[in-house]
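Descriptive analysis of the structure
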Amino acid sequence: MLSHLSAAIPPLYILWIAMAQVGGQEDREKTTALKDLLSRIDLDELMKKDEPPFTFPKTLEEFEYAFNEYGQLRHIKTGKPFVFNAREDLHRWNQKRYEALGEIITQYVYELLEKKCNMTKAILPVDAAEDEPTSFIYLSPDALSNPSKLLVLIQGSGVVRAGQWARRLIINQDLDSGTQIPFINRAMEEGYGVMVLNPNENYLEVEKPAKFSPLPSPTEPSDEPAEKRERKDDKEGKKKREFYEKYRNPQKETETERIPIRENASSEEHVQYVWDHFVSKAAAKNVFIVAHSYGGLSLVELMNQREMQVKNRVCAVALTDSAHNIWLQETSKSTQDWMQQHCCNWVSSPEPLDTPLDPMLPDCPRVSAGSLDGHVRPVEAAPG
């Protein structure tokens, strides 16, 4: 019996190996097919496939939000703060909705500057042709004529526009926290002319013209029989249709291109342009500047380019969480010395307001803003 068993083992062993190889080959083919399928699926795009259209309200009223008596954004019906995640698992749609609200907030702040602060727009460039992109700044009635004091406000980078420090603070906290209006009102009460810069309005965004796809080039002749080739094409076409039916194309965002605004295509250009065409021509003997975040970098760049003019006109600079770097910007020693005497940088810190902090660079003193968002209320740190 043992002899019969030993005689049967080798054939069975060989058969088992052969079956294992066939099974392994099938598994490898399935794995390869799965990898090929996954490689053709953009998971980010797949997550977008059930998004609602990017069609959002055009006014605060249509959004069903309003600012209450405390300047807080609240839902008209529920009285609750703004909710970012209006729809779960649709982050891109929620972000687009947030951005649409942000654009409405921008226009709302412009209205406040014009109606409540009595400020007017000045178009940039000053010699703009009718058909070229333009930007603007806001001027108080006496911004150019005030013989004594002028306050210049420069915001940071990003989506914020004239009159705003931070969109997030406007939406989630209140107008006083996120806009420049408290600074403007306080300055006007104390006899300052005011200029509100707009360093992020750098281009006109227009929709790209539709592209016409060229006709497909003729395919190379194949040695396959025509009937076989047609069956193959039909089979591949069916697979593609089934694939896109299951994972249909998500909605596409409109393709746009940016046309830069002449001499104002960056924050640095804008600050220098406004200095050359407005601040330097203002009557005020004493100029004061408040610059936040990237606005501080743009101001230091202005000092690099117009060193003597700035030193002769500017009395004091209040920086808040400034992004400037005197080494990377190659700021002169004389400018650094001037900054030590005339600038102060209030930075995010849990320490009490005005607590001296260790300097990071040999340029200007750093003190606590008394909060973790880096913003200082004008009642706490007003221009002197």
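Because the structure is predicted, anything quoted here is derived from the model rather than measured. (Residues numbered from 1 in each chain as written. Predicted model: local features only at pLDDT ≥ 70, side-chain atom pairs only at ≥ 80, totals over all residues. Heavy atoms only, no water.)

1. Some remarks on the overall build of the protein
Within the protein one finds 12 helices and 13 strands. The buried share of the protein, reckoned over its 384 residues, is 38%. Put simply, 70% of the contacts in the protein that link residues at least 6 apart link residues at least 24 apart. If you sum the accessible surface of the protein, you get close to 23200 Å²; carbon and sulfur atoms cover 54% of it. (Helix = DSSP H or I, 4+ residues; strand = E, 2+ residues; numbered from the N terminus. Buried < 20%, exposed > 50% of the residue type's maximum accessible area, 1.4 Å probe, protein only. Contact = heavy atoms within 4.5 Å. Areas by Shrake-Rupley, 256 points an atom, 1.4 Å probe, with all protein chains shown as cover.)

2. Overview of the sheet that holds strand β10 (residues 314–320)
One open sheet accounts for nine strands, arranged β3-β4-β6-β5-β9-β10-β11-β13-β12; its pairing is mixed. Lying at the two open borders of the sheet, with one neighbouring strand each, are β3 (120–124) and β12 (356–357). With four bridges joining them, strand β5 (residues 149–154) and strand β6 (residues 193–196) adopt parallel strand pairing. If you follow Val152 over to β6, its bridge partner there is Met195. Along the sheet, helix α9 (residues 267–277) contacts β3, β4 (135–139), β5, β6 and β10; its crossing angle with β3, the most-contacted strand, is approximately 110°. (Pairing = 2+ DSSP bridges. Axes fitted to C-alpha atoms, helices over the stretch in contact; angles between N-to-C directions.)

3. Focus on the state of the cysteines
This structure, assessed with the given rule, holds zero disulfides. We note that Cys343 lacks a disulfide partner, and the nearest cysteine sulfur, in Cys364, lies 5.5 Å from it. The structure places no disulfide on Cys344, whose sulfur is separated from the nearest cysteine sulfur, that of Cys364, by 6.8 Å. Overall, Cys344 belongs to the buried group, its relative accessible area being 16%. (Disulfide = S-S within 2.5 Å.)

4. Structural notes on the side chain of Gln329
Relative to the helices and strands, Gln329 resides in the loop between β10 and α12 (333–342). Of the residues examined, Gln329 reaches a relative accessible area of 12% and is grouped as buried. Of the polar contacts made by the side chain of Gln329, one reaches the backbone oxygen of Leu297; its length is 3.1 Å. Beyond its immediate chain neighbours, meaning those up to four positions away, Gln329 contacts Leu297, Val300, Glu301, Asn304 and His324. (Polar contact = N/O pair within 3.5 Å; in protein donor to acceptor, adjacent residues only side chain to side chain.)

5. Points about the packing of α9 against helix α10 (residues 294–305)
Viewed as axis vectors pointing N to C, α9 and α10 meet at an angle of 55°, and their least axial separation amounts to 9 Å. Here α9 lies oblique to α10, going by the angle between them. The way α9 lies across α10 gives a crossing that is right-handed. Across from Ser267, Glu268, Val271, Gln272 and Trp275 in α9, the residues of α10 making contact are Tyr294, Leu297, Ser298, Glu301, Leu302 and Gln305. The residue inventory of the contact of α9 with α10, partitioned by class, reads five nonpolar, four polar and two charged. (Parallel < 35°, antiparallel > 145°, perpendicular 65-115°, else oblique. Left-handed = near helix turned anticlockwise from the far one by under 90°. Nonpolar A, V, L, I, M, F, W, Y, C, P; charged D, E, K, R; others polar.)

6. Notes on the pattern of salt bridges
According to the stated counting rule, one finds 11 salt bridges in the structure shown. Arg161 is paired through a salt bridge with Glu201; the nearest N and O atoms lie 2.7 Å apart. Of the two residues, Arg161 is situated in the loop between β5 and α5 (167–172) and Glu201 in the loop between β6 and β7 (203–207); the sequence distance between them amounts to 40 residues. Pair check on accessibility: Arg161 and Glu201 agree, each one buried. Residues joined by salt bridges that share partners form a network here, namely Asp127, Glu132, Arg262 and Glu263. (Salt bridge = Lys/Arg side-chain N within 4 Å of Asp/Glu carboxyl O.)

7. Observations regarding α12
Note on helix geometry: an α-helix contains 3.6 residues per turn, so any two residues three or four positions apart are oriented the same way. Every buried residue of α12 is accounted for by Thr335, Gln336, Trp338 and Met339. End-on view of α12: buried residues confined to an arc of 160°, all on one side of the axis. Seen from the buried face of α12, the exposed residues on the opposite side, beyond 90 degrees, are Lys333 and Gln341. Those residues of α12 hidden inside the fold are in contact with α10, α11 (307–313), β10 and β11 (343–347). (Arc of directions from axis to C-beta.)

8. Let's talk about the confidence of the model for the protein
In the predicted model, the protein carries a mean pLDDT of 83, and 72% of its residues have values of at least 70. Overall, residues 243–249 carries pLDDT values under 50, and its contacts beyond four positions in sequence, including any with other chains, amount to eight contacts. (pLDDT = per-residue confidence, 0-100.)

9. Some thoughts on the side chain of Ser349
Following the sequence through the fold, Ser349 ends up in the loop between β11 and β12. Note on Ser349: relative accessible area 5%, which makes it buried. Apart from the residues lying within four places of it in its own chain, the contact partners of Ser349 are Leu357, Ser368, Gly370, Ser371 and Leu372.

10. Some details on the pairing of β4
With five of its five residues buried, β4 lies for the most part within the structure. Here β4 shows a buried face lined by Ser135, Ile137 and Leu139 and a second buried face lined by Phe136 and Tyr138. Here five bridges tie β3 to β4, and the two strands are oriented antiparallel to one another. Note on β4: the bridge partner recorded for Thr120 is Leu139. As defined by bridge partners, β4 adjoins β6 across two bridges and the pair is classed as antiparallel. Among the inter-strand pairings, Leu139 is bridged to a residue of β6, identified as Met195.

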